Amino acid sequence: MTNSILLTVSAGIVLAVVLRKLQVRLQLSAAKHPSLTGHARMARRFAALVPFYEYGEDRFFRADDAPEAVAANRRAGFMRLAGIFEQRYVKSARMTAEVQDGISDLQFTSRYRVPFQFSRFVREHFKPGAFLASSSGVTVTDLDGNRFYDLTGSYGVNVFGYDFYKDCIAAGSERVRELGPVLGAYHPVTVYNVARLKAISGLDEVSFHMSGTEAVMQAVRLARYHTMRRKLVRFCGAYHGWWGDVQPGVGNPQIARDTYTLKEMDPAALRVLRTRRDIACVLINPLQALHPNGSAPGDSTLVGSERRAHFDRAAYSAWLRELRSVCTARGIVLIFDEVFVGFRLARGGAQEYFGVAADLVTYGKTVAGGLPIGVVCGRREIMKRFREDRPADICFARGTFNSHPYVMGAMYEFLQRLERPEISAIYENLDEVWNMRAQRLNERLRAAGLPVSVANLSSIWTITYTQPSRYNWMFQYYLRAAGLALSWVGTGRLIFSLNFTDADFNEVADRVVAAAEAMQRDAWWWSAPQLTNKSIKRRVLKEMIQARCLPSMGSMSSPRSK
Ligand SMILES: Cc1ncc(COP(=O)(O)O)c(C=O)c1O
C-alpha cells in the first residue's frame, strides 16, 4: 500500500516535472520569430541548400519576364552607367583591380552588393573602385577627383563630420606624443575619459577594448560570470558584432548553443524571461527599433520589395521599460549594445533617448574620436572580475591594445568636444531635423510618382520600395552615378553625419530624386499586375529548385561553371 502510494506520488512528480519542462520548451518556441532569421539553425540549413546559379545576359534584364522592349531600355541604361563608371573611376578602378585578389574582405563585399544571381554581370561591368583619397565636410573624394556626398557614415563612426574626427585624432596624438605607444600603464587623459564615460552612462565602472565586438564579448562574459547562468538572449535580426555567440545564424560555421534568439517587442519573449532560470543576460541593439526582428537590410538580399521599416519611439521605449522590469525581477543582466547608436541619438545615448537604464552598456565606433574602440560601462558589482571569497574564480579579460594612449588621446578630444555648446545645439532638435528631412524627401518622391521611400531612426536611414520589383538593388548604382557614396550594403543603410546642413541635405535629396527618375526612365521599375512580392519569391524559389535538380534548365547559365 505504502509502496503504491510512493509510486503514485513519484509518478506524479515526474509527470509534473516533464509537463513543466514541456511548457517551458513550448514557451521558447512560441517566442521565436516565425521568419528564418528567427530560427538560426533552420536558416543555416536553408543557406547550405541554396545552390549557386546566375543569370545569363538575356535573363539579367528580364528576370521578371518583362517585355523585350523594356529589357532593351534597361540594357541601354545599364551600359550607360557602366560607361560613366569606366570614364570616371579610372585610377580607383585600376588600384582596386590590382589588390582585389589580395584582400579577402574586398572580394566578399564586392560579391555581396547585389543578389547573387546578378552579381557576376554587375561586377564585370561596374567597376566603381574601392579607394578614396580624402574627406572634407560631408563629402569624400576618390583617386580620380570625384566628390561624393558621404552617406556611409563610416559604418556609424562618423557622427559629427570627418573634419571633427581629423581634429580629434590630430589633437589627441599631440596630447599623448610624449608617452607614445607605451602599453600597460595609462596615459593621464584616461582619468578624464573614465569620469566622462561614467557620467554619460550613469554607471560605476568602465573597461576599454579594441572593437565593439570585443566589448560585447566582455559584457556577456561578465553577465555569465556573475549570474552563473549560461544563456544569452538576443533579439531576432539584431547585430552585435561577429563573435559566434551573438551571431548564431548564417555566417557562423558553428552552432551557438548558449544563445536564444527571441521575437523583439513581443510578450512571448517576456514570458520566456519570466520563466527560464538559465538566462544570464538580454542584449538590446536599439537600432532594431527601426525594423524590429529584421536583419540589417542589405541590397544583396533585396529579392523583391519586402524591406520594411518604421520607427515608433514611444512603442520601443515602452518595450524597453517592460524588459527592464522583467530583467530586474529575474536577476537577468540587461545590456544595451550602443556601439552603433550611442552618441548618435542623444549625448546620453539610447539610455537617455528611450528613458531606460541598463546594467551594462557597450559603446564603440565614434567614442574614440575616429580610432578603433570598444567600451563597456557597468554597475560595479557586475563589472568586477574576481570574487572576494574565491580568489581563483576570476573573469578574465585583457587585450594588448586596450587603453592605447593614442586611442585615449583621441577619445579625450571627442569627449571634451561633446561638452561644447555647438554640439549641445546639434542634439537639441536632432529628431525634428532628421524626421523633417525624411518627410520632405518622401513627399517629393511620392509627388514624382517614384516607387521609393525612406524610413529613419534619427540620422540612420533605410530606403524601402513601394512597388514589387526584382531590380531595386540597381538603385545603389544610380545613386552612385549621382555622386552619393553608399556602403557595401547599398540602400539598406544610409548614415548621415550630423554636420549635414539643410543646403547639403537638399542637394542630396535632389540627387536621390534625380537618380530614382533616371532608374525609372530606364524601366527597371516596370510593373505588371502579375508581378507581386509573392510571385517574385515563388519564382526565385523555383529557380533555386531547378538549379539544384536540373542545373542546365531555363535561361540561367550553368551554375557550376564559374
Ligand atoms: C550594435 C553593434 N554592436 C557591435 C558591433 C561590432 O563592432 P565592431 O565592428 O567595432 O567590432 C557593431 C558594428 O557594427 C554594432 O553595430
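1. A closer look at the site of the ligand
Close to the ligand lie Ser211, Gly212, Thr213, Tyr239, His240, Gly241, Asn285, Asp337, Val339, Phe340 and Lys365, which account for all nearby residues. Here Gly212 contributes a backbone N or O atom positioned 2.8 Å from an oxygen atom of the ligand. Between the ligand and Thr213 there is a distance of 2.5 Å, counted from an oxygen atom to a side-chain nitrogen or oxygen. Summarising the interface, the protein chains cover 82% of the accessible area of the ligand, which totals 390 Å² for the free molecule. By residue class, the composition of the shell around the ligand is three nonpolar, six polar and two charged.

2. As for the confidence of the model for the protein
Scored by pLDDT, the protein comes out at a mean of 95, with 98% of its residues at no less than 70. A low-confidence stretch, residues 558–562 (pLDDT under 50), is modelled with nine contacts involving residues beyond four sequence positions or located in other chains.

3. A look at the pairing of strand β9 (residues 333–337)
Summarising burial for β9: five of the five residues are buried, a large majority. Across the two faces of β9 the burial is the same, with Val333, Ile335 and Asp337 and Leu334 and Phe336 all buried. Here strand β8 (residues 279–284) pairs with β9 via four bridges, running parallel. Residue pairing in the sheet places Cys281 in a bridge with Val333 of β9. Crossover handedness for the path β9 to helix α13 (residues 349–354) to strand β10 (residues 360–364): right-handed.

Criteria and thresholds
Residues numbered from 1 in each chain as written. Predicted model: local features only at pLDDT ≥ 70, side-chain atom pairs only at ≥ 80, totals over all residues. Heavy atoms only, no water. Near = heavy atom within 4 Å. Polar contact = N/O pair within 3.5 Å; in protein donor to acceptor, adjacent residues only side chain to side chain. Areas by Shrake-Rupley, 256 points an atom, 1.4 Å probe, with all protein chains shown as cover. Nonpolar A, V, L, I, M, F, W, Y, C, P; charged D, E, K, R; others polar. pLDDT = per-residue confidence, 0-100. Contact = heavy atoms within 4.5 Å. Buried < 20%, exposed > 50% of the residue type's maximum accessible area, 1.4 Å probe, protein only. Helix = DSSP H or I, 4+ residues; strand = E, 2+ residues; numbered from the N terminus. Pairing = 2+ DSSP bridges. Right-handed = clockwise from strand over helix to strand, strands pointing away.

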